[in-house]
Amino acid sequence: MPEPSSTAKKRQKRGLATEEKVIKAAESLLQSGGFEAAHIARIAEESGASTGSVYHHFGSKEGIFKRVIESFCQAGRESVDELEALDLDAKKLLLAFIGMTVDQFRL
C-alpha cells in the first residue's frame with residue numbers, strides 16, 4: 001500500500017484536530033446545558049468548525065456524543081493503567097481509584 005502524500009497527511013492531522021475541538025466543545029456544552037441544549041450549530045460555533053465539517057466527521061449529534069463517551073472511557077482506561085503501574089497495596093489502590101473516578105466525572 002503506498003504511503004500517503006504529505007498533503008494527505010496534513011489533511012489527516014487537520015481532520016483529527018477538528019474532531020478533537022468538536023469533542024471538547026460537545027463535552028463543555030453537555031456539561032453546561034445537557035444533551036438537548038447541545039445543538040450541532042452550537043457545537044460547531046464553540047469548536048470553530050463549520051457545521052458541514054461537523055457532519056462530515058461525525059454524521060449526527062448522536063455520532064458526536066458517541067465519540068464523547070468513547071473519549072471518556074478511554075481516559076478512564078488510561079487512568080486505571082496508570083494506577084496499576086503504581087504497585088499500591090489494595091487499600092491505597094482502592095482510594096486512588098475512587099479519587100480518579102470522582103475526578104473523571106467532574107468533566
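Scroll up to find the structure this text is about.
What counts, and at which threshold
- Residues numbered from 1 in each chain as written.
- Predicted model: local features only at pLDDT ≥ 70, side-chain atom pairs only at ≥ 80, totals over all residues.
- Heavy atoms only, no water.
- Buried < 20%, exposed > 50% of the residue type's maximum accessible area, 1.4 Å probe, protein only.
- Helix = DSSP H or I, 4+ residues; strand = E, 2+ residues; numbered from the N terminus.
- Arc of directions from axis to C-beta.
- Patch = residues over 30% accessible without salt bridge, like charges linked within 9 Å, V, L, I, M, F, W, Y side chains within 5 Å.
- Areas by Shrake-Rupley, 256 points an atom, 1.4 Å probe, with all protein chains shown as cover.
- Salt bridge = Lys/Arg side-chain N within 4 Å of Asp/Glu carboxyl O.
- Lys, Arg positive; Asp, Glu negative; His and termini not counted.
- Charge placed at Lys NZ, Arg CZ, Asp CG, Glu CD.
- Core = buried A, V, L, I, M, F, W, Y, C linked by side-chain atoms within 4.5 Å.
- Contact = heavy atoms within 4.5 Å.

### What to know about helix α3 (residues 51–58)
- Inspection of α3 places S53, V54 and F58 among the buried residues, and these make up the whole buried set. Here the buried residues of α3 occupy an arc of 105° about the axis, which is enough to place them on one side.
- Just downstream of α3 lies G59, where phi reads positive at about 85°.

### A short note on a negative patch on the surface
- A cluster of like negative charges, contributed by E78, D81, E82 and E84, occupies part of the molecular surface.
- Positionally, E82 belongs in helix α4 (residues 61–85).
- Of the residues examined, E82 reaches a relative accessible area of 56% and is grouped as exposed.

### Observations regarding unusual backbone geometry
- In this structure, D87 is a non-glycine residue whose phi angle is positive, near 55°.
- Turning to its location among the elements, D87 is positioned in the loop between α4 and α5 (90–105).

### Considerations on the nonpolar core
- V22, I43, V54 and I64 are the most contacted members of the largest nonpolar core, which totals 15 residues.
- Listed by contribution, the elements that provide at least two residues to this core are α1 (6–37), α2 (40–47), α3 and α4.
- Broken down by element, the residue count for this core peaks at 5 residues, all from α1.
- Those residues in contact with I43 that sit more than four places away from it in its chain are V22, A25, A26, L29, A38, I64 and F65.

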